[in-house]
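Architecture and fold: a report
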Amino acid sequence: MNIDINSILKMNSSNIIDIRDRNSYVMGHIPQAINIEEYDLLFNTNKYLNKNSIYYIYCDLGNRSGQLAMKLRKDGYNVINIEGGYHNYLLRK
């Protein structure tokens, strides 16, 4: 399941997660996104996510976050991939 960047920006959601490394996040990110690196989120899911909430995740291009979203959905979490990742956010500026 994917969502496009324009829909995310209209939603004003507080559950946007940037799974890129900390350096990439600091260099720029989607507004209101928090940074939880991919492997930290994967191996400590219960620490960060609640199965009753919806989360939107992204990486640079949307590939890694798409795979992670599928894995987390199989584990019972409501996670949606932001299509095209941070790259699509930059293209819309």
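Figured I'd write up the structure that's included with this text. (Residues numbered from 1 in each chain as written. Predicted model: local features only at pLDDT ≥ 70, side-chain atom pairs only at ≥ 80, totals over all residues. Heavy atoms only, no water.)

Our focus in this paragraph is the overall build of the protein chain. On a plain count of helices and strands, the protein chain comes out with six helices and five strands. Its helices and strands taken in sequence order, the protein chain reads β-α-β-α-β-α-α-β-α-β-α from the N to the C terminus. The principal-axis extents of the C-alpha atoms in the protein chain amount to approximately 35 × 25 × 20 Å. Looking at the 93 residues of the protein chain, the share that counts as buried comes to 42%. (Helix = DSSP H or I, 4+ residues; strand = E, 2+ residues; numbered from the N terminus. Buried < 20%, exposed > 50% of the residue type's maximum accessible area, 1.4 Å probe, protein only.)

Next up on the list: the side chain of Glu-38. Among the structural elements, Glu-38 can be located in helix 3 (residues 38-43). Under the relative-accessibility criterion, Glu-38 is labelled buried at 14%.

The next point concerns the nonpolar core. In terms of nonpolar packing, the biggest core is built from 13 residues, with Ile-17, Ile-19, Leu-41, Leu-49, Ile-57, Leu-72 and Val-79 touching the most fellow members. It is helix 5 (residues 63-74) that provides the largest number of residues to this core, a total of three residues. Setting aside anything within four residues of it in sequence, one finds Val-79 in contact with Leu-49, Tyr-55, Ile-57, Ala-69, Leu-72 and Arg-73. If you look at the next biggest cluster of nonpolar residues, it comprises 12 residues, including Ile-5, Ile-8, Tyr-58 and Tyr-89. (Core = buried A, V, L, I, M, F, W, Y, C linked by side-chain atoms within 4.5 Å. Contact = heavy atoms within 4.5 Å.)

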